[in-house]
Amino acid sequence: MKLNPAQEQAVTYVSGPCLVLAGAGSGKTRVIINKIAYLIKKCDYQARHIAAVTFTNKAAREMRERIAQSLGKGEARGLRISTFHTLGLDIIRREHKILGLKPGFSLFDDQDSLALLKELTEDEYDGDKDLLQQLIRRISDWKNDLITPDKAIGLAQDPAEREQAELYGRYREHMIAYNALDFDDLIMLPTLLFATNQEVRERWQNRIRYLLVDEYQDTNTSQYQLVKLLVGERARFTVVGDDDQSIYSWRGAKPQNLVLLGKDFPQLQLIKLEENYRSSGRILKAANILIANNPHVYDKTLRSNLSYGESIKVISANNDEHEAERVVATLIRHKFMNHAKYKDYAILYRGNHQSRLFEKALMTNRIPYKISGGTSFFSRAEIKDIMAYLRVLVNPEDDNAFLRICNVPKRGMGPATLEKVGHLANRKNISMFAACFDSEIEQRLPPQAAETAMVFARWLVELGDRAERGDTIAALRDLVREINYEDFLYDTSPSPKAAEMRMKNVSELYKWITAMVEGDELEDPMTLKEVVTRLTLRDMMERNNEDEELDQVQMMTLHASKGLEFPYVFLVGAEEGLLPHQSSLDEGNVEEERRLAYVGITRAQQELMFTLCKERRQYGELNRCEPSRFLLELPQDDLEWEERKAPPTAQERNTKGKTNIAALRAMLNK
DNA sequence: GGCAGATCCCTTTTT
DNA sequence: GGGATCTGCC
């Protein structure tokens, strides 16, 4: 496939820092793939000196597959393609000594962190969920801004913030005691390390000599700093991004980093990709008109080189259940008329909970579907159990994991026993696991309980030895067998069928671990320690992607849809309060919601269908709904409102238009 | 210590 | 409306 002139320029400009502004569907992944190949084949870069960074595992996997196709396997050897977080993990793993971490550190996911913070704040917050949520958010913001607890305390403006900063400090101390890291640490630690340690920084600069960053608009402060420190003075890098697709500001992403880049690297080469190869002219026009309501730093207009296409449908339904039925009915008819496949259709929604009714409607009609995201594999209880066992094996300091498993299945270590073990651990400043071996344990616990704890701990040590010494996979199999996990599942599941499902999940996990331990052409074999941290990042290569070949309707959130494309798209729940989401309206962040709508629209290749309800059930209550303002912002001549729902009057459109322009002005004046 | 029923809170998006 | 957590009874 030939590149267009702008793409060609983006690929071959390698002599300095390069920013590629890539509109939706303008072939940015292609540019990255081609550029990597160009660097290796034409510029004498070795694959192992090139790193490409993405935000999601999915994107990384896709890139890996496509690069494997265009390069020989040998040529791609050593090429780093990973998410920011996996790159951070790699760095930490290699530099863990300097960072003061013991090998086999645990990675806490959100739930783990939440549990720890909940415990730490019991006195202060007394179980107030709101305050807890604020604290978590605050800590994450601090970490994303590279602010340590000491600094946070210094910066505190009021007593409440001071308290948060102190809790942040306690949280960090406990994490250190557990030999554990959270997601934000994966970026913050390497960045701080590079910032303060020249030798390490230079080592990594030497290791990564050309850096490519995908979805650059999603970087937060610490990620941007990491990029800057990695590229150093040499400044050999390419970042690809689109400010109109910035939809992650809620987790600290700073689209302003696009502007900062120009300031920090005055020699920055700016290249715009404005030719869209994905969507019909009409869909693209709608997207352009919608996003024109947002302020812009760099102007950019996407041009379609496809035909104008079908009109955009707006389907209205009486209520949310009806909405799902209408989508399914429309889909069935449309599929028949167009000889399409199920996998050509995507149902995109704002929040995960919306998937449920569609799932139900699809199921009753026997239509195969696949939900991406949502309750992930790794949040299932059985997977968390086994993972917790592995975490303790790998990192005995991990009290959280220990607590999860010490009585699963029941082995007589109930709350009373645990409380005493916990106290002992606390007083002696050792892990609970270590406390099970402590000389005092026999004085503190009733003989039976002390015996149980010691037997359990000894068994763990012995199993850990087995895994360490020889056959990791056999040890894993032993683990599941020796705790009688299967029986446990049958005892605790509501039905034998559910138990069977859960056991299947365990086997699936087992399969992934086996694959990772053994390695393959692209990935080196890993130790159990590595596997455990990697799995918390969910960075398995999804070897079971036979799924993708299956003919299934695709369902996902708008966020999850970024980077994907589908012939026919249903954008459901186009209502005030849902698509501009109420909480965003409250925070005055309509622009990000508009970008989210923009992302959804630009996923569609041939046809786009919006749906909305007159009323919707929320928290069990029935509420009236208004059409999304974004629908009113679209070019009405290109919309086809279905059913009795009248299109908006000229007046309605005018008022909407005026408020928007006023808002836009206010924004620009700021 | 385990289970059924009651109660509570929630739903924005993710590595 | 539904999943997670608590309560009170066995």
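In this text, all values refer to a predicted model and were calculated from it rather than measured experimentally.

### Overview of unusual backbone geometry
When glycine is set aside, most residues are seen to have a negative phi, and most peptide bonds are trans. Unusually for a residue other than glycine, Ala-235 sits at a positive phi of about 55 degrees. Along the chain, the position of Ala-235 falls in the loop between α13 (221-231) and β7 (237-241). Residue classification places Ala-235 among the buried positions, given a relative accessible area of 1%. At Asn-429, a residue that is not glycine, the phi angle is positive and equals roughly 60 degrees. Position of Asn-429 relative to the elements: it lies in the loop between α20 (415-428) and α21 (432-435).

### Comments concerning the protein's contact with DNA strand B
Around DNA strand B there are 21 residues in total, and Asp-110, Arg-350, Asn-352, His-353 and Lys-410 lie nearest to it. Between DNA strand B and Asp-110, the relevant distance is 2.6 Å, taken from a base oxygen to a side-chain nitrogen or oxygen of the residue. Between a phosphate oxygen of DNA strand B and a side-chain N or O atom of Thr-557, the distance comes to 3.2 Å. Residue classes in the surface near DNA strand B are distributed as 6 nonpolar, 10 polar and 5 charged.

### Structural notes on the pairing of strand β17 (residues 615-618)
Sheet topology note: the β17/strand β18 (residues 621-624) ladder contains 4 bridges and is antiparallel. Directly across from Gln-618, in β18, lies its bridge partner Glu-621. Hairpin remark: β17 followed by β18, antiparallel, with 2 residues in the connecting loop; positive phi at Tyr-619, about 50 degrees.

### Section: the confidence of the model for chain A
Where the model shows low pLDDT, its predicted coordinates should not be examined in detail. Mean pLDDT for chain A: 86, with 93% of residues reaching 70 or above. Under a pLDDT of 50 for its full length, residues 653-670 has, in the predicted model, 13 contacts with residues more than four places off or in other chains.

### Examining the protein's contact with DNA strand C
Surveying the vicinity of DNA strand C reveals the residues Arg-356, Arg-617, Tyr-619 and Gly-620. Take Tyr-619: an N or O atom from its main chain is 3.1 Å from a base oxygen of DNA strand C. The residue inventory of the surface near DNA strand C, partitioned by class, reads 1 nonpolar, 1 polar and 2 charged.

### Some points on the UniProt feature "binding site: ATP" (unreviewed entry) in chain A
Residues given the UniProt feature "binding site: ATP" (unreviewed entry) here are Ala-22, Gly-23, Ala-24, Gly-25, Ser-26, Gly-27, Lys-28, Thr-29 and Arg-278. The greatest C-alpha distance among the residues just named is 13.1 Å, despite their covering 257 residues of sequence, which places them together in space. Mapped onto the elements, Gly-23 comes out in the loop between β1 (18-22) and α2 (28-42). In this view, Gly-23 contacts Asp-242, Gln-245, Leu-273, Lys-300 and Leu-302; residues no more than four positions away in its chain are not counted. Note on placement: Ser-26 falls in the loop between β1 and α2. Filtering out sequence-adjacent residues up to four positions away, Ser-26 remains in contact with Gln-7, Leu-273, Glu-275 and Tyr-277.

### Brief notes about helix α3 (residues 57-70)
With 14 residues, α3 extends 20 Å between its outermost C-alpha atoms, agreeing within 8% with the 20 Å of an ideal straight helix rising 1.5 Å per residue. Every buried residue belonging to α3 is among Ala-60, Arg-61, Met-63, Arg-64 and Ile-67, and all of these are buried. Buried positions in α3, seen along its axis, are confined to an arc of 165 degrees and lie on one side of it.

### Some words on the sheet that holds strand β8 (residues 269-273)
If you walk across this open sheet you meet the 6 strands as β3-β2-β6-β7-β1-β8, and the pairing is parallel. With one partner strand each, in any of the chains shown, β3 (80-83) and β8 form the two edges of the open sheet. The sheet shows a mean angle of 15 degrees between the axes of neighbouring strands, taken without regard to direction.

### Focus: the pattern of salt bridges
Scanning the model with the defined rule gives 47 salt bridges in all. The salt bridge involving Glu-166 is made with Arg-162; its shortest N-O contact spans 3.3 Å. With a gap of 4 residues between them, Glu-166 and Arg-162 both fall in helix α10 (residues 159-177), about one helical turn apart. Of the residues examined, Glu-166 reaches a relative accessible area of 39% and is grouped as partly exposed. A salt bridge links Arg-427 to Glu-440, with the nearest nitrogen and oxygen atoms 2.8 Å apart. Here Arg-427, found in helix α20, pairs with Glu-440, found in the loop between α21 and α22 (441-444); they are 13 residues apart in sequence, far enough to count as distant. By relative accessible area, which is 15% here, Glu-440 ends up buried. Each of Lys-28, Asp-214, Glu-215, Asp-218 and Lys-562 takes part in one network of salt bridges that share partners.

Cut-offs used in this document
Residues numbered from 1 in each chain as written. Chains lettered and ligands numbered in written order. Predicted model: local features only at pLDDT ≥ 70, side-chain atom pairs only at ≥ 80, totals over all residues. Heavy atoms only, no water. Helix = DSSP H or I, 4+ residues; strand = E, 2+ residues; numbered from the N terminus. Buried < 20%, exposed > 50% of the residue type's maximum accessible area, 1.4 Å probe, protein only. Near = heavy atom within 4 Å. Polar contact = N/O pair within 3.5 Å; in protein donor to acceptor, adjacent residues only side chain to side chain. Nonpolar A, V, L, I, M, F, W, Y, C, P; charged D, E, K, R; others polar. Pairing = 2+ DSSP bridges. pLDDT = per-residue confidence, 0-100. Contact = heavy atoms within 4.5 Å. UniProt positions renumbered as here; feature names shortened; annotations may be inferred. Expected span 1.5 Å × (residues − 1). Arc of directions from axis to C-beta. Axes fitted to C-alpha atoms, helices over the stretch in contact; angles between N-to-C directions. Salt bridge = Lys/Arg side-chain N within 4 Å of Asp/Glu carboxyl O.

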